[in-house]
Amino acid sequence: PGGAKRPLLSQLFQPLNLQGGGEAGWDGEPTCRSQKLMLQGGLIHPSSPGCYYYMPPAVRAMEKLIKVTDEEMRAVGGQKLNMPSLSSAELWRASGRWDRMGPELFRLADRHGRGYCLGPTHEEAVTELVAAQSNLSYKQLPLRLYQVTRKFRDEPKPRFGLLRSREFYMKDMYTFDASEEAARQTYDLVCDAYCSLFDRLGLPFIKVRAATGSIGGTVSHEFQLPAGVGEDRLVVCPDGHFAANVETLNGEQTSCPTCGEKLTQTRGIEVGHTFYLGTKYSSVSNAVFYSPENKPQLAEMGCYGLGITRILAASIEVLSTEDSIRWPSLIAPYQLCFIPPKRGSKEEEEGAALLERVYDDLAEALPHLAGDSVLDDRTQLTIGKRLKDANKLGYPYVVIAGKRVCEDPPVFEVWHQNTGQVLFLTKEGVIELLSKVQVP
């Protein structure tokens, strides 16, 4: 009764500072576009160096991104679990990483003097978990286990907002296969799922050869979004035959090994990383399965990370203008903003009632969009001022009850932000246009 409950912009916990002047980072650290826009738009709020409050709109975007990620992980047989953030020092000592990780590891001791770290990644933990399944059969493989949780890394210089923070969300998947061949097939499968994810988001990514670093293993790729603030230097073949992180190259490689074309240099933000690990961790924890001959064999492993909060910031970094957020439309916090007439205008009463009717009819016709709309009820402001704010916040669609709302039939002004189109549509036209909108 009484139609859908409309979220009102004035009631959202989203402290806007759309006048600009985004705060500098801690200690006057340089800021970047995504950090400024996310602070101005009330998406994040600083808490301590490298740590942020994620405000409700940012959480909405993040939950949508996790849904899309879940779809891609399920499509490759992923099973979701959740591992403790506190990881025992013993596990990390056994793998040799307690010392090798150095000061990046947040370390702490409990009241009994036992050492722990806050997990930046979970290879040791997941391998111990699988090793504890004492009668794992080859028939149960491949195992593809993943989680989306908070991770911790004591960055020496956290900067650029969510692009380099100390506490962040990551999707990490760990795979267990019966042979090297099967593990490499899994590797290709998960890499394809990452490509599919970035394609669905409409992000211009490059898959590059990468170093294995502290994770280890023998094969590794990074998924990079080209961006000026990126911390990684990449070389790319203009015809797409070859791409690598500069740190993996021996000496100065300047031409493509496949076609001989001159390689171009660019910078990138790493948003995903994949590793073929072999038996590096399974041999430490004795994570074995039983072969068809009932012999214990070490599982062949891979691990695969996606920076969830980093993808949010990086997508704003690469898609937005200097003063306006542009989201991958699939994960925008709200798909739609409704702007009623200004208080005291001659369209006020009739226009507001007609706009609310469009809202209710839309919620009935397209129920998946019912919770994805917000009404800008700050009617003391002009339509132009509210439209400017909507543009800065990056709602993919803005529906305005403007001058033509009192025509017969009423005509609404619809801004399609990602294409820059402005359409004048009847209520039926608005509903038809929005029927094509996808939400995860």
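Each residue is numbered by its place in its chain's sequence as written, counting from 1. Local features in this predicted model are restricted to residues whose pLDDT is 70 or higher, and side-chain atom pairs enter the listing and the counts only when it is 80 or higher, whereas totals over whole chains, interfaces and linings include all residues. The side-chain values count all of the structure's non-hydrogen atoms but skip hydrogen atoms and water molecules.

The protein chain is annotated in an unreviewed UniProt entry as Probable proline--tRNA ligase, mitochondrial of Aptenodytes patagonicus. As recorded by UniProt, the Sequence similarities (unreviewed entry) comment attached to the protein chain reads in full: "Belongs to the class-II aminoacyl-tRNA synthetase family." A UniProt comment under Subcellular location (unreviewed entry) is attached to the protein chain, and it reads "Mitochondrion matrix". UniProt positions are given in the numbering used here, feature names are shortened, and annotations may be inferred rather than shown by experiment.

Draft legend 1. How the structure looks around the packing of aromatic side chains. The rule is short: rings of Phe, Tyr and Trp, with Trp giving its six-membered ring, pair when the centres are within 6.5 Å, and they are stacked under 30 degrees, edge-to-face over 60, tilted in between. For the structure shown, the criterion picks out seven aromatic pairs. Plain terms: the ring middles of Tyr-54 and Tyr-169 are 5.8 Å apart, the flat faces sit at 55° to each other, and that makes the pair tilted. Of this pair, Tyr-54 sits in strand E2 (residues 51–54) while Tyr-169 sits in strand E8 (residues 167–177); the two residues are 115 residues apart in sequence, bridging distant segments of the chain. For the residue pair Tyr-54 and Tyr-169, the accessibility class agrees, reading buried in each case. Lysine and arginine charges are scored as sitting over a ring when NZ or CZ, respectively, is within 6 Å of the ring centre and within 35 degrees of the ring normal. Here Arg-6 stacks its cationic end above the ring of Tyr-359, 5.4 Å away from the centre of that ring. A cation sits over an aromatic face here: Arg-60 above Tyr-334, 4.1 Å from the ring centre. A run of H or I in DSSP counts as a helix once it spans at least four residues, and a run of E counts as a strand once it spans at least two, with each numbered from the N terminus. Relative accessibility under 20% of the residue-type maximum defines a buried residue, over 50% an exposed one, and the middle range a partly exposed one, all with a 1.4 Å probe and only protein chains included.

Draft legend 2. Here's a closer look at the pattern of salt bridges. When a carboxyl oxygen of Asp or Glu is within 4 Å of a side-chain nitrogen of Lys or Arg, the pair counts as a salt bridge. Scanning the entire structure with this criterion turns up 26 salt bridges. In this structure, Arg-150 and Glu-167 form a salt bridge, with 2.5 Å as the shortest nitrogen-oxygen distance. Of this pair, Arg-150 sits in strand E7 (residues 143–152) while Glu-167 sits in strand E8, and the two are 17 residues apart along the sequence. Assessed through its relative accessible area of 23%, Glu-167 is described here as partly exposed. The residue Lys-151 makes a salt bridge to Asp-172 at a minimum N-O spacing of 2.9 Å. Taken as a pair, Lys-151 in strand E7 and Asp-172 in strand E8 lie far apart in primary sequence, 21 residues in all. In this structure, Lys-151 and Asp-172 share a single accessibility class: buried. One connected set of salt bridges, linked through shared partners, spans Glu-155, Arg-159, Arg-164 and Glu-231.

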